[in-house]
Amino acid sequence: MNICYTELLIDNVQIPDEEEFDDSITNIAERNEVHESESNDITLKDLLSNLALQIDSEKTSKFNINRRNIWDGARRAFLRKTYKATNRISVMFTDSSGNSEGAVDFGGPTREFLRLLMHYLQHSKLFEGPENRKTLSCDAQGMRNDEYYLAGQAMSVSLVDGGPAPNFVSPVLYQCLVSDAKHVHSSLGDVVDPETQDMLKEVSNRY
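Residues numbered from 1 in each chain as written. Predicted model: local features only at pLDDT ≥ 70, side-chain atom pairs only at ≥ 80, totals over all residues. Heavy atoms only, no water.

This next bit is on the overall build of the protein. Each helix and strand counted, the protein has 8 helices and 4 strands in total. Element order for the protein, N to C, with α for helix and β for strand: α-α-β-α-β-α-β-β-α-α-α-α. Per-residue burial over the protein gives 43% buried out of 207 residues. Sequence separation of at least 24 residues holds for 71% of the intrachain contacts in the protein that already meet a minimum separation of 6. Accessible surface, the protein as shown: approximately 11700 Å² in total, 48% of it carbon and sulfur. (Helix = DSSP H or I, 4+ residues; strand = E, 2+ residues; numbered from the N terminus. Buried < 20%, exposed > 50% of the residue type's maximum accessible area, 1.4 Å probe, protein only. Contact = heavy atoms within 4.5 Å. Areas by Shrake-Rupley, 256 points an atom, 1.4 Å probe, with all protein chains shown as cover.)

What follows deals with the packing of aromatic side chains. Counting across every chain of the model gives 6 aromatic pairs. An angle of 80° between the planes, with centres 6.0 Å apart, marks the rings of Phe63 and Tyr83 as edge-to-face. One end of the pair, Phe63, is in strand β1 (residues 56–66); the other, Tyr83, is in the loop between α3 (70–79) and β2 (87–94), and 20 residues separate them in sequence. Considered together, Phe63 and Tyr83 belong to a single accessibility category, that of buried residues. Geometrically, the ring pair formed by Phe78 and Tyr83 is edge-to-face, given 5.5 Å between the ring centres and 90° between the ring planes. (Phe/Tyr/Trp six-rings, centres within 6.5 Å; stacked < 30°, edge-to-face > 60°.)

Below, the discussion takes up a negative patch on the surface. A contiguous patch of negative charge, built from Glu128, Asp193, Glu195 and Asp198, is present on the exposed surface. With respect to the element layout, Asp193 can be found in the loop between α7 (171–178) and α8 (194–206). (Patch = residues over 30% accessible without salt bridge, like charges linked within 9 Å, V, L, I, M, F, W, Y side chains within 5 Å. Salt bridge = Lys/Arg side-chain N within 4 Å of Asp/Glu carboxyl O. Lys, Arg positive; Asp, Glu negative; His and termini not counted. Charge placed at Lys NZ, Arg CZ, Asp CG, Glu CD.)

Turning our eyes to something else, we now look at the environment of Arg75. With respect to the helices and strands, the residue Arg75 is situated in helix α3. What makes Arg75 buried here is its relative accessible area of 18%. Here the alpha-carbon distance between Arg75 and Leu150, two residues 75 residues apart in the chain, equals 7.1 Å. Setting aside residues no more than four positions away along its own chain, Arg75 makes contact with Asn145, Glu147 and Leu150.

Okay, structure coming up:
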């Protein structure tokens, strides 16, 4: 699980409401008892604030989203050639026929989309483990389709754009994202797969 936080927290979105931004960062940091990046002592709030300052609020990247297929809509939007990380996102919900619901995005549709997106990721095949202590799974198709990268991109967008924080990640995964994964220590309890855990216990008992 050698992942650098810069691969997941990227400069994607507009500056959110200050109170919502503070709540998201404080919530996830306090839950995992990590407040700073160990590599350079920059707080997560400062890091994400710097990313948000790079957003051009005059330009938008449009997301056409069907609530019944949140992930497909998000993937198509992130992979679209016209998508730019420095544009703010503008969400329009559509029905199964592609017809717009008609609501103009002044922030409400974006926040709803991000809430639904985080809920999808929490229960997706990309993560495994207890409800609020998820770690990365090993899904070959997801790796081939760059879905892990896109999931990190979605999480960063939610954090910076006033959506909910991904509070479902485990403390060890969180530390891998905000610091150098090489220096993060895990235990047998962090291994989700029972067979793998039993094998590691057997090896540990032998030595």
